[in-house]
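# Commentary on secondary and tertiary structure
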There are 2 protein chains.
Amino acid sequence: MQYNQCPVKTNTANLLRSPADACGRLSPRYSFRMENTTAGKADARFMAEAVALARNAAERGEGGPFGAVVVRGGEIVARGWNRVTGTNDPTAHAEVTAIREACRVLGRFHLEDCELYSSCEPCPMCLAAAHWARLKAVWYAATREDAASAGFDDAAMYAEAERPPERRTVPCRHLPEDAESAAAAMRGWAADPRKKPY
Amino acid sequence: MQYNQCPVKTNTANLLRSPADACGRLSPRYSFRMENTTAGKADARFMAEAVALARNAAERGEGGPFGAVVVRGGEIVARGWNRVTGTNDPTAHAEVTAIREACRVLGRFHLEDCELYSSCEPCPMCLAAAHWARLKAVWYAATREDAASAGFDDAAMYAEAERPPERRTVPCRHLPEDAESAAAAMRGWAADPRKKPY
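In this text the structure is predicted, and so the values were computed from the model without any measurement. (Residues numbered from 1 in each chain as written. Chains lettered and ligands numbered in written order. Predicted model: local features only at pLDDT ≥ 70, side-chain atom pairs only at ≥ 80, totals over all residues. Heavy atoms only, no water.)

Right, let's talk about the overall build of chain A for a bit. For chain A, the count of helices and strands is 10 helices and five strands. Across the 198 residues that make up chain A, the buried fraction comes to 61%. Excluding contacts between residues fewer than 6 apart, the proportion of contacts in chain A whose partners are at least 24 apart in sequence is 55%. (Helix = DSSP H or I, 4+ residues; strand = E, 2+ residues; numbered from the N terminus. Buried < 20%, exposed > 50% of the residue type's maximum accessible area, 1.4 Å probe, protein only. Contact = heavy atoms within 4.5 Å.)

This is the structure:
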């Protein structure tokens, strides 16, 4: 099977030297530097494995029918599948599970030299997890529309982040009385030379 | 300290009986049923604990200066703090860590009778995790703007989900060749009477 080459490019090396990185979270600068490094080309074997994991996940009874693999240098370094119900962890989606396992195997918290293959388009949690892990690229097979037609629907969650916090499904409310003390903890960390940026 | 009462209401009981739930993911129906059950009133003690955890997290050197607690029936059932660098887990944000711990303690994957207090506005990953966990409400102290002024910035990540997949910071690409086999795995699961909805 021949995939089209991905035309989107990211300069991971520069990203990891960005000032935002030294502060621990993504900056707009990180978000808009996509032009310099190749995101690579998909390999059909890896997606086949992700889909096989999705199929097996349905059999295992540990969660939903979703699978994912993390690939580095042409090798699968970690496999993941949905284990929400089996492990009582609502964050144990296939993508998150694969990312956690890859980090465990590689002994680090950034996967800037890795790509993720997922049997389905990541939900917003998994998309953000891919960002925090600094993955080079994400490849997916079924779309959120495919998922919707099978009775799944992440579309509402994609809309959530755009809504005012207090109007979300899980209402989020600001407590301004505590904002200053919480912000002070951040400033203290940012100024601490012993901190480990992430 | 006196907080304002949260006016947003959610009918958790109905949500858990919704058809979407039986399929395992949130539906638009879940998203827009906010009118029937109270999301409760914030308690200053719990936010004070979340902020104290944020302060301690900066000292512990396991990750960033963020803390969170999960509260059920007026009691803290789980505490979390950012442990990204200490555990080599890019998903180990304070909120995710607290949610995982609460689920472990309570032995279930839904926290519909719990509220989350976080020292900072959740990033998109943690916001979506709160949804998957079916939390009743999320309370936060520092805002994303506070975080930005201390050198952190999640704002770009909030914009990510709205961008076309191939234009994201971590480029996401659809592989339509594999969509049908991945979607078939979903349909198989949805039709399986042994499945455990989540």
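For the structure on display, the rule yields 24 salt bridges over all chains. Taking the shortest distance from any N to any O, the salt bridge between R72(A) and D113(A) comes out at 2.8 Å. One end of the pair, R72(A), is in strand 1 (residues 67-72); the other, D113(A), is in the loop between helix 6 (94-106) and strand 3 (114-120), and 41 residues separate them in sequence. A salt bridge links R108(B) to D113(B); the shortest N-O distance between them is 3.0 Å. (Salt bridge = Lys/Arg side-chain N within 4 Å of Asp/Glu carboxyl O.)

Core analysis: the largest hydrophobic core is formed by 114 residues, its most contacted members being Y117(A), M125(A), L135(A), Y117(B), M125(B) and L135(B). With sequence-adjacent residues up to four places away left out, Y117(B) is seen in contact with L175(A), K41(B), A42(B), D43(B), F46(B), M47(B), A50(B), G67(B), A68(B), V69(B), V71(B) and W139(B). (Core = buried A, V, L, I, M, F, W, Y, C linked by side-chain atoms within 4.5 Å.)

What follows deals with the pairing of strand 1 (residues 67-72) of chain B. Successive side chains on a regular strand alternate, one facing one side of the sheet and the next facing the other. Residue and element names in this part refer to chain B. Taking burial as the measure, the six residues of strand 1 include five buried ones, the bulk of the element. Bridging between strand 1 and strand 3 (residues 114-120) involves five bridges; their strand directions are antiparallel. Residue pairing for strand 3: V70 is matched across the bridge by L116. (Pairing = 2+ DSSP bridges.)

Mapping T143(A) onto the fold places it in the loop between strand 4 (137-142) and helix 8 (144-149). For T143(A) and S119(A), which are 24 residues apart along the polypeptide, the C-alpha to C-alpha distance reads 8.8 Å. Once residues lying within four places of it in the same chain are set aside, the contact partners of T143(A) are C120(A), E121(A) and H174(B).

One open sheet holds the five strands; their spatial order is 2(A)-1(A)-3(A)-4(A)-5(B), and the pairing between them is mixed. Across the chains shown, the open sheet's two edge strands, defined by having one partner strand only, are strand 2 (75-81) of chain A together with strand 5 (172-174) of chain B. Strand-to-strand twist across the sheet, computed as the mean angle between neighbouring axes with direction ignored, equals 20°. Two strands pair when backbone bridges link them, and strand 3 of chain A and strand 4 of chain A are joined in this way by five bridges, in the parallel orientation. In the strand pairing of strand 4 of chain A, Y117(A) is matched with W139(A). Contacting strand 1, strand 2, strand 3 and strand 4 of chain A, helix 4 (residues 44-60) of chain A crosses the sheet at an angle of about 145° to strand 1 of chain A. (Axes fitted to C-alpha atoms, helices over the stretch in contact; angles between N-to-C directions.)

Now for the sheet that holds strand 5 (residues 172-174) of chain A. A sheet is described by the order of its strands in space; here five strands give the open sequence 5(A)-4(B)-3(B)-1(B)-2(B), paired in mixed fashion. Lying at the two open borders of the sheet, with one neighbouring strand each, are strand 5 of chain A together with strand 2 (75-81) of chain B. Each adjacent strand pair in this sheet contributes to an overall mean axis angle of 20°, direction not counted. Against the sheet, helix 4 (residues 44-60) of chain B contacts strand 1, strand 2, strand 3 and strand 4 (137-142) of chain B, and its axis sits at roughly 145° relative to strand 1 of chain B. Helix 6 (residues 94-106) of chain B rests against strand 1, strand 2 and strand 3 of chain B of the sheet, and its axis sits at about 135° to strand 2 of chain B.

In this model, helix 6 of chain B (13 residues) spans 18 Å end to end at C-alpha, consistent with the 18 Å of a helix rising 1.5 Å per residue. Residues of helix 6 of chain B that are buried in the fold lie against helix 6 of chain A together with strand 1, strand 2, strand 3 and helix 7 (124-132) of chain B. Backbone geometry just after helix 6 of chain B places G107(B) at a positive phi near 70°. (Expected span 1.5 Å × (residues − 1).)

In this structure, V96(B) sits in helix 6. With relative accessibility at 2%, the residue V96(B) sits in the buried group. Along the chain, V96(B) and A133(B) lie 37 residues apart, while their C-alpha atoms are 9.8 Å from each other. Ignoring anything within four residues of it in the chain, the contact list for V96(B) reads T91(A), R100(A), T91(B), M125(B), C126(B) and A129(B).

We now examine the confidence of the model for chain A. Taken as a whole, chain A shows an average pLDDT of 80; of its residues, 78% reach a score of 70 or greater. Within the model, pLDDT remains below 50 along residues 4-38 of chain A, and this stretch shows 90 contacts once partners closer than five positions in the same chain are excluded. (pLDDT = per-residue confidence, 0-100.)

Within the structure shown, the criterion is met by four aromatic pairs over all chains. The interplanar angle of 65° and the centroid separation of 5.5 Å between the aromatic rings of F46(B) and Y117(B) together place this pair among those described as edge-to-face. Linking F46(B) in helix 4 with Y117(B) in strand 3, this pair joins segments that are 71 residues apart in sequence. Look at F46(B) and you get buried, because its relative accessible area is 7%. According to the relative accessible area criterion, Y117(B) is buried, its value standing at 2%. Between Y117(B) and W139(B), the aromatic rings sit 6.3 Å apart at their centres with planes inclined by 25°, giving stacked as the arrangement. Note that Y117(B) is positioned in strand 3 and W139(B) in strand 4, a separation of 22 residues in sequence. The same class applies to Y117(B) as to W139(B), namely buried. Chaining the aromatic ring pairs together yields one cluster made of F46(A), Y117(A) and W139(A). (Phe/Tyr/Trp six-rings, centres within 6.5 Å; stacked < 30°, edge-to-face > 60°.)

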